[in-house]
Amino acid sequence: MIRPGSLLGAIEGESLKMLRRPAIYVLGIILLAILVLVSYLLGWLFLTFPPAGTRFPQGVTAADLKKAFYPINMVRQALSNAAVLGGVLALILGVLTVGSEYGWGTLKTILTQRPARLEVFLAKFVTVAATLVVFAVLNLAAAAVMSVLLGLADQQSLAFPDAIQIVTGLGTTWLIWSWYAAFGGFLAYCFRQSALAIGIGLAYLLVIDTLVFGVIAQLGGTILQTVERFFPGPNAMALIQSFGNATPAAAQNIPRPIAGPWQATIVLLLYLLATLVVSAILLRSRDVT
């Protein structure tokens, strides 16, 4: 039975642990560093000072491609951090939140106190979800700052996207990261440790999401193109692609999204819900030692 007072106490305890865990701040710093250095500075420098012999798509100039780095496209650019690299960090966050309790033996101690198992589970989910909200806001804020700085450097317009696109972008980022974090937590509940859970999670992301669906499926395999519609990774990418491209002419050779935004959202929500339900069952029914 879930008791509101006990649940609030469990949430407070999990929040305190999250605030005092150095790994969370390290993950946040890495996340922002990837956005600033990889998604913005590296691409901007390459297009501003292109190496000799650099060829761009027909009808597209470096100035066209640099539009992605200006404020009007900050949501699209911030979402580039929500895919594989951001997903890896979210997965690690989910694994550490659960797996470290098994490794330190603290989960057994927690469950001998007042909170019930489902209360502990819900407290962890709420805390991770709130952390991902903070990460998503910081990710978009960093994109806004970088886009303004690069826009000023190139003397371009500093017009921002409308509020609807900003809120939708935040929600999309949170949903994608929540799925990866829930998947990481599920693996930690399965194996009752962090190391193996992180290893298997990374293997799935790099082999299935990146290699199988990201490379092989582009070769035109009809079966794979049909199967990937039912997997969370390709649907997460389809959701990101639904925000369009800053330079449509340069995106002509990019494969079309496998699904529309609503279908991709529903698939991710179903995977998130299913993962949470199975994780709760594992925690409630299995010995924690």
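In case you missed it, the structure is sitting above this.
All of these numbers come straight from a predicted model, not from anything done at the bench.

On a plain count of helices and strands, the protein comes out with 12 helices and zero strands. Put simply, the protein runs from its N terminus to its C terminus through helices and strands in the order α-α-α-α-α-α-α-α-α-α-α-α. Taken over C-alpha atoms, the radius of gyration comes to 21 Å for the protein, in line with the 19 Å a tight globule of 289 residues would show. With the C-alpha coordinates aligned to their principal axes, the bounding extent of the protein is approximately 65 × 45 × 35 Å. Split into buried and exposed, the 289 residues of the protein put 46% on the buried side. Across the protein, the fraction of contacts at a sequence separation of at least 24, relative to all contacts at a separation of at least 6, is 83%. When the accessible surface of the protein is split by element, carbon and sulfur atoms take 71% of a total near 14,700 Å².

Unlike most non-glycine residues, Gln155 shows phi in positive territory, near 55 degrees. Relative to the assigned elements, Gln155 resides in the loop between helix H7 (117-153) and helix H8 (163-191). In the Ramachandran plot, Arg192 falls in the positive-phi region, its phi being about 55 degrees despite a non-glycine side chain. As for its placement among the helices and strands, Arg192 is situated in the loop between H8 and helix H9 (195-212). For Arg192, a relative accessible area of 30% translates into the label partly exposed.

What follows is about the layout of surface pockets. The volume enclosed by the second largest pocket comes to roughly 210 Å³. Residue lining of the second largest pocket: Ser15, Met18, Leu19, Ile24, Tyr25, Gly28, Thr127, Ala130, Thr131, Val134, Phe135 and Leu138, and that is the complete set. For the lining of the second largest pocket, the secondary-structure elements that each account for two or more residues are helix H1 (4-19), helix H2 (22-48) and H7. No other element matches the six residues that H7 contributes to the lining of the second largest pocket. Tallied by class, residues from the lining of the second largest pocket come to eight nonpolar, four polar and no charged.

By the definition in use, this model includes six salt bridges. The residue Glu14 makes a salt bridge to Lys124 at a minimum N-O spacing of 3.2 Å. With Glu14 in helix H1 and Lys124 in helix H7, this pair connects stretches of sequence that are 110 residues apart. You'll find Glu14 and Lys124 in the same group, each marked buried. We note a salt bridge from Lys124 to Glu101, for which the minimum N-O separation is 2.8 Å.

Here the focus is the environment of Asn245. Mapped onto the elements of the fold, Asn245 is located in the loop between helix H11 (232-241) and helix H12 (261-285). The sequence separation of Asn245 and Ile176 amounts to 69 residues, and the corresponding C-alpha distance is 19 Å.

On to the packing of aromatic side chains, then. Throughout the structure, instances matching the rule amount to six aromatic pairs. With centroids separated by 5.9 Å and ring planes inclined at 45 degrees, the aromatic side chains of Phe121 and Tyr189 adopt a geometry described as tilted. Of this pair, Phe121 sits in helix H7 while Tyr189 sits in helix H8; the two residues are 68 residues apart in sequence, bridging distant segments of the chain. With respect to class, Phe121 is no different from Tyr189; both count as buried. Members of the aromatic cluster, connected to one another through ring pairs, are Trp179, Tyr180, Phe183, Tyr204 and Tyr271.

What follows covers the nonpolar core. Core analysis: the biggest nonpolar cluster contains 72 residues, and Tyr40, Leu93, Leu132, Phe135, Ile176 and Trp177 have the highest contact counts within it. The leading source of residues in this core is H7, at 12 residues.

The rules behind these values
- Residues numbered from 1 in each chain as written.
- Predicted model: local features only at pLDDT ≥ 70, side-chain atom pairs only at ≥ 80, totals over all residues.
- Heavy atoms only, no water.
- Helix = DSSP H or I, 4+ residues; strand = E, 2+ residues; numbered from the N terminus.
- Rg over C-alpha atoms; globule rule 2.2 N^0.38 Å.
- Buried < 20%, exposed > 50% of the residue type's maximum accessible area, 1.4 Å probe, protein only.
- Contact = heavy atoms within 4.5 Å.
- Areas by Shrake-Rupley, 256 points an atom, 1.4 Å probe, with all protein chains shown as cover.
- 1 Å grid on protein atoms, 1.4 Å probe; cavity = no way out; pocket = protein on both sides within 12 Å on 5 of 7 lines; lining within 4 Å.
- Points joined across faces, edges and corners; volume = space filled by probe spheres on them.
- Nonpolar A, V, L, I, M, F, W, Y, C, P; charged D, E, K, R; others polar.
- Salt bridge = Lys/Arg side-chain N within 4 Å of Asp/Glu carboxyl O.
- Phe/Tyr/Trp six-rings, centres within 6.5 Å; stacked < 30°, edge-to-face > 60°.
- Core = buried A, V, L, I, M, F, W, Y, C linked by side-chain atoms within 4.5 Å.

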